[in-house]
Amino acid sequence: MGIKVYGLTKTTNVARVLISLEEVGAYYEVVPVDFATGEPKSQAHLTRNPFGQVPSFQDDDDVMLFESRAISRYILRKYKSDLLREDDIKEAALVDVWVDVEYGQYNAPASAICYNVIVKPMHGEEVDQQVVDTNLEKLKKVLEVYEARLSQYKYLAGDFISFADLSHVPCTYYLMLTQYKLVFDSYPHVKAWWEAIIARPSIKKVFDIMSA
């Protein structure tokens, strides 16, 4: 059966999984999930993801996972990628710290901006500028911490790229499609970090998939 990723390639959580698959060079199939027909809430999909969300992930017949960061860690461990730095307990812990920061500090304000500026207009809804402005201020506070960290190290967990860096890519990809991409100009080390990340072949490949 091989690896199957259930979801839509334009969604950030699916893209996170695809980046990990591309990093390790694994063969995989993306199985589209039709939101228009309510497929995520269908019994078939709920057996794969009980929360009715995407992605869900299947590896042959014996592994079924959901939650994009957990799926990504599984992929990186299976293919013995160094992106988790598991040969060094201190480095591995730092990767975990910054993955948690991405999830708990960065993703929420960045996602709120992207949802308001990109998604809502697609559905004919008005942008809630107050929500955008509030989350932009939250994002700036996060980027101040990143700027300080990246002034000392090339990447978030240290002078090595890791899953912690790559986990930021999907949401930042969409942020960079908005006028708020200019916020990165105020944080030169953050901007250099982002440019280094997107130069990777895996990222270029997934960007092509997301924009198709």
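Along each chain, the written sequence defines residue order, and numbers are assigned to residues from 1. Where local features are concerned, this predicted model is filtered to residues with pLDDT of at least 70; where side-chain atom pairs are given and counted, the filter is 80 or more; whole-chain, interface and lining totals use all residues. Based on all heavy atoms of the structure, the side-chain values leave hydrogens and waters out of the count.

Participant: Before we move on, could you go through the packing of helix α5 (residues 129–150) against helix α8 (residues 188–198) and cite the residues and values that matter?
Facilitator: Relative orientation of the contacting elements α5 and α8 amounts to 80 degrees, with a least axis distance of 7 Å. Looking at the two axes, α5 sits roughly perpendicular to α8. Where α5 approaches α8, its residues Leu-143, Tyr-146, Glu-147 and Leu-150 are matched on the opposing element by Pro-188, His-189, Val-190 and Trp-193. Among the residues forming the contact of α5 with α8, the class breakdown is 6 nonpolar, 1 polar and 1 charged. Axes here refer to lines fitted to C-alpha atoms; in helices the fit is confined to the stretch in contact. Angles between the N-to-C directions go from 0 to 180 degrees. Helix and strand labels come from DSSP, where a helix needs a run of H or I of at least four residues and a strand needs a run of E of at least two; each type is numbered from the N terminus. An angle below 35 degrees is read as roughly parallel, one above 145 as roughly antiparallel, one from 65 to 115 as roughly perpendicular, and any other as oblique. When checking whether two residues touch, look at their non-hydrogen atoms; a contact exists if any pair is within 4.5 Å. Residues are grouped as follows: Ala, Val, Leu, Ile, Met, Phe, Trp, Tyr, Cys and Pro are nonpolar; Asp, Glu, Lys and Arg are charged; every other residue, Gly included, is polar.

Participant: Tell me what's going on with the layout of surface pockets, and back it up with residues and numbers.
Facilitator: Within this scheme a cavity is a closed region of a 1 Å grid, computed over the protein atoms alone, that accommodates a 1.4 Å probe without allowing it to escape, whereas a pocket is open but has protein on both sides within 12 Å along at least five of seven lines; lining residues each have an atom within 4 Å of a point. Grid points are joined across faces, edges and corners, and a volume is the space filled by probe spheres set on the points. When its volume is computed, the largest pocket comes out at roughly 900 Å³. Surrounding the largest pocket, 27 residues form its lining, Lys-10, Thr-11, Thr-12, Asn-13 and Val-119 being those nearest its centre. Mapped onto the lining of the largest pocket, the elements with two or more residues apiece are α1 (12–24), α3 (68–78), α4 (89–122) and α7 (169–175). Top contributing element to the lining of the largest pocket by residue count: α4, with 8 residues. Looking at side-chain class alone, the lining of the largest pocket contains 13 nonpolar, 10 polar and 4 charged residues.

Participant: A description of the side chain of Asn-49 should follow, citing residues and the corresponding values.
Facilitator: With respect to the helices and strands, the residue Asn-49 is situated in the loop between α2 (43–46) and β3 (56–59). Pairs of N or O atoms within 3.5 Å make up the polar contacts considered here, provided that, within protein, one atom can donate a hydrogen while the other can accept it, and that residues adjacent in sequence are counted only when both atoms are side-chain atoms. Reaching out from Asn-49, the side chain makes a polar contact with the backbone oxygen of Gln-53 at a distance of 3.1 Å.

Participant: Explain unusual backbone geometry to me, and be specific about the residues and the numbers.
Facilitator: Cis geometry marks the peptide bond from Val-54 to Pro-55, where omega comes out at 5 degrees. Counting through the fold element by element, Pro-55 comes out in the loop between α2 and β3. Its identity is not glycine, yet Arg-85 carries a phi of approximately 55 degrees, on the positive side. With respect to the secondary-structure elements, Arg-85 resides in the loop between α3 and α4. On the basis of relative accessibility, which here comes to 18%, the residue Arg-85 falls in the buried class. Relative accessibility decides the category of a residue: with a 1.4 Å probe and only protein chains considered, values under 20% of the type maximum give buried, values over 50% give exposed, and everything between is partly exposed.

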